[in-house]
Amino acid sequence: MTTAPMNPLAGPAGPGKYATRTDNLQMGSTSYGEGVETQAIKSGAPLAKTANVRGARAGDVREAAEQAPVTELYAPTQRPDEPITAGIAMGPGAGPEVLGMRPATEKLSDVLAKMLPYDETGEIAILYQRAASRGL
């Protein structure tokens, strides 16, 4: 429970002079009865149970790293049948669709145009003009 809630009309923090601070919210004390309310909220639904899991010891991690094969920098390729352009949107091989990436549907100039109202230095306006003149 917070003792100093954020003004809901303030909205999220924005750039520059539109910024609002949200990092100084104070949490209420769990003593003097507030802890009772917190426990009541937590008991309303069962919490997730985790298996008895222990973290890996440093020695186990080191052993696994030593056993893993390391490909040297100038070693011959391990995928001789795969084109070097696989995964990108040009040349032979599968494109970005196999990676689950969608092609950009919005032009760069459109994205920059949305940022223009917040441009205090004029840098976004310059980038917008360059992108628009190139048809990007």
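Please read all numbers here as calculations on a predicted model, not as lab measurements.

Definitions and limits used
- Residues numbered from 1 in each chain as written.
- Predicted model: local features only at pLDDT ≥ 70, side-chain atom pairs only at ≥ 80, totals over all residues.
- Heavy atoms only, no water.
- Helix = DSSP H or I, 4+ residues; strand = E, 2+ residues; numbered from the N terminus.
- Buried < 20%, exposed > 50% of the residue type's maximum accessible area, 1.4 Å probe, protein only.
- Contact = heavy atoms within 4.5 Å.
- Areas by Shrake-Rupley, 256 points an atom, 1.4 Å probe, with all protein chains shown as cover.
- Salt bridge = Lys/Arg side-chain N within 4 Å of Asp/Glu carboxyl O.
- Axes fitted to C-alpha atoms, helices over the stretch in contact; angles between N-to-C directions.
- Parallel < 35°, antiparallel > 145°, perpendicular 65-115°, else oblique.
- Left-handed = near helix turned anticlockwise from the far one by under 90°.
- Polar contact = N/O pair within 3.5 Å; in protein donor to acceptor, adjacent residues only side chain to side chain.
- pLDDT = per-residue confidence, 0-100.

### Overview of the overall build of the chain
Scanning the chain from N- to C-terminus turns up four helices and zero strands. The N-to-C order of helical and strand elements in the chain reads α-α-α-α. Out of the 136 residues in the chain, the part that is buried amounts to 7%. Sequence separation of at least 24 residues holds for 27% of the intrachain contacts in the chain that already meet a minimum separation of 6. Of the roughly 12,200 Å² of accessible surface on the chain, 58% is carried by carbon and sulfur atoms.

### Thoughts on the pattern of salt bridges
Overall, the coordinates contain three salt bridges when judged by the stated rule. The partner of Asp 60 in a salt bridge is Arg 57, and the shortest N-O contact between them spans 3.3 Å. The exposure class of Asp 60 is partly exposed, given its relative accessible area of 29%. Exposure remark for Arg 57: the relative accessible area of 52% places this residue in the exposed category. Across the pair Glu 82 and Arg 79 runs a salt bridge whose closest N-O atoms are separated by 3.5 Å.

### Quick look at the environment of Ala 131
Along the chain, Ala 131 falls in helix 4 (residues 123-133). On a C-alpha basis, the gap between Ala 131 and Ser 109 in space is 5.4 Å, while along the polypeptide they are 22 residues apart. Contacts of Ala 131, omitting those with residues within four sequence positions, involve Leu 108, Ser 109, Leu 112 and Leu 136.

### Digging into the packing of helix 3 (residues 108-115) against helix 4
Two numbers describe how helix 3 lies on helix 4: the axes approach to 9 Å, and their chain directions differ by 155 degrees. Here helix 3 is positioned roughly antiparallel relative to helix 4, judged by the angle of their axes. Of the two elements, helix 3 crosses helix 4, and the hand of that crossing is left-handed. Only Ile 124, Leu 127, Tyr 128, Ala 131 and Ala 132 of helix 4 make contact with helix 3, whose side of the interface consists of Leu 108, Ser 109, Leu 112, Ala 113 and Met 115.

### Here's the deal with the side chain of Thr 85
Mapped onto the secondary structure, Thr 85 falls in the loop between helix 2 (58-67) and helix 3. A polar side-chain atom of Thr 85 sits 2.5 Å from the main-chain carbonyl oxygen of Pro 92. Dropping the residues within four chain positions of it, Thr 85 is found in contact with Met 90, Gly 91, Pro 92 and Ala 94.

### What about the side chain of Asp 119?
Relative to the helices and strands, Asp 119 is located in the loop between helix 3 and helix 4. Of the residues examined, Asp 119 reaches a relative accessible area of 18% and is grouped as buried. Polar side-chain contacts of Asp 119 include one of 3.5 Å to the backbone nitrogen of Glu 123. Beyond its immediate sequence surroundings of up to four residues, Asp 119 is in contact with Ile 124 and Ala 125.

### Points about the confidence of the model for the chain
Predicted coordinates in regions of low pLDDT should not be interpreted in detail. In this model, the chain carries an average pLDDT of 76, and 71% of its residues clear a pLDDT of 70 or more. Confidence, expressed as mean pLDDT per element, reaches its minimum in the chain at helix 1 (residues 34-42) with 72 and its maximum at helix 4 with 92.

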